[in-house]
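Here is what each chain is made of, one letter per residue.
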Amino acid sequence: PGPAGAPRIDGQVFLTDMIACRLMKQIENLRQRQFTDPDIIDDVDVLNKLLHANYKEMSRWEVYKNEVESGHLQWGTCHTEAFFKENARMMEGTDGDFRLLKVLIALLSSKDEEVASIACHDIGEFVRYYPNGRAIAKRLGAKELVMPLIEHDNVDLQRHALQCVSKIMVQHWEFVKTG
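Residues numbered from 1 in each chain as written. Predicted model: local features only at pLDDT ≥ 70, side-chain atom pairs only at ≥ 80, totals over all residues. Heavy atoms only, no water.

1. Re the overall build of the protein
Note the threshold: Here a strand is any run of E in DSSP of at least two residues, a helix any run of H or I of at least four, and the numbering for each starts at the N terminus. Between buried and exposed lies partly exposed: a residue is buried under 20% and exposed over 50% of the maximum accessible area for its type, with that area taken using a 1.4 Å probe on protein chains only. It only takes one pair of heavy atoms within 4.5 Å for two residues to be counted as in contact.
Check the secondary structure of the protein and you find ten helices and zero strands. When its helices and strands are written in sequence order, the protein yields α-α-α-α-α-α-α-α-α-α. In the protein, buried positions account for 35% of the 179 residues. Considering only contacts in the protein between residues 6 or more positions apart, those separated by 24 or more positions represent 64%.

What follows is the structure, encoded as structure tokens:
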């Protein structure tokens, strides 16, 4: 603990947050530029090495968890059927409080339409692969927040909201053909 009992924050926390915000891609872009100041080049290289070292130590679940907690969702390998088949049970959390699912449900109200779309997708996949996921998502209020998104102006968000609601409402999803 830091002063007055506050938790101590070290560089690891910031590196994890940077990874969750997809800073690695931006650093790669900076490395391609031609800077005249050698200090900038050195700083970008050091940050690149630190981010890559930290990323290698993180599991895919940790990357996903940090991304959701940051609220900066972007399409990627953690937003797939395969990921949720493997990790749906992790959504329980260590205390069984489904905190991460609650964060996803809160992200349904995001002004960023891509974030809301991804939240719809992820909630739908959770419902599909977690035993009794439908009841848990309903109990936490997911259905009520997703329903209005079906009429959103953004067609992509509409599609993901409709798929999410369908997954919440269909009892035996394994019998439904998906294209």
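Okay, back to it.
2. Points about unusual backbone geometry
One non-glycine residue, Phe98, adopts positive backbone phi at about 55 degrees. Tracing the backbone through its elements, the reader meets Phe98 in the loop between helix H5 (81-87) and helix H6 (99-107). Notably, Asn132 is not glycine yet its phi reads approximately 65 degrees, a positive angle. With respect to the helices and strands, Asn132 occurs in the loop between helix H7 (113-129) and helix H8 (133-139).

3. Some thoughts on the side chain of His79
Our working rule: Between N or O atoms, a polar contact is any pair within 3.5 Å; within protein, one atom must be a potential hydrogen donor and the other a potential acceptor, and residues adjacent in sequence are included only when both atoms are from side chains.
As for its placement among the helices and strands, His79 is situated in the loop between helix H4 (60-70) and H5. A polar contact of 2.7 Å, which involves the side chain of His79, links it to the side chain of Asp122.

4. Structural notes on the pattern of salt bridges
Filter applied, for reference: For salt bridges, the criterion is a side-chain nitrogen of Lys or Arg within 4 Å of an Asp or Glu carboxyl oxygen.
One pass over the full model with this rule turns up ten salt bridges. Across the pair Lys65 and Glu69 runs a salt bridge, and its minimum N-O distance is 3.4 Å. Taken together, the positions of Lys65 and Glu69, both in helix H4 and four residues apart, correspond to about one turn of that helix. Overall, Lys65 belongs to the partly exposed group, its relative accessible area being 32%. One salt bridge in this structure joins Lys85 and Glu81, with 3.8 Å as the shortest N-O distance. You can see Lys85 and its partner Glu81 sitting in helix H5, four residues apart, about one turn around the helix. Assessed through its relative accessible area of 35%, Glu81 is described here as partly exposed. Within the structure, one salt-bridge network assembled from shared partners comprises Glu81, Lys85, Glu125, Arg128 and Lys167.

5. Considering H6
What counts is decided by this rule: Note: the arc covers the axis-to-C-beta directions of the helix.
Within the span of H6, buried status applies to Leu100, Leu101, Leu104, Ile105 and Leu107. Here the buried residues of H6 occupy an arc of 160 degrees about the axis, which is enough to place them on one side. Where H6 is buried, its residues meet H4, H7, H8 and helix H9 (142-146).

6. Some remarks on the packing of aromatic side chains
Worth spelling out the cut-off: Aromatic contacts are taken between Phe, Tyr and Trp rings whose centres are within 6.5 Å, Trp giving its six-membered ring; a plane angle under 30 degrees counts as stacked, one over 60 as edge-to-face, and the others as tilted. Cation placement over rings: the criterion is NZ of Lys or CZ of Arg within 6 Å of the ring centroid and within 35° of the ring normal.
Using the criterion set out here, one finds eight aromatic pairs in the structure. Both rings, one in Phe83 and one in Phe84, keep their centres 5.4 Å apart while their planes meet at 85 degrees; by these two values the pair is edge-to-face. Summarising the burial analysis for this pair, Phe83 and Phe84 share the class buried. Pairwise contacts between aromatic rings join Trp61, Tyr64, Phe83 and Phe84 into one cluster. Sitting over the ring of Tyr130, Arg89 keeps its end group 5.9 Å from the ring centre.

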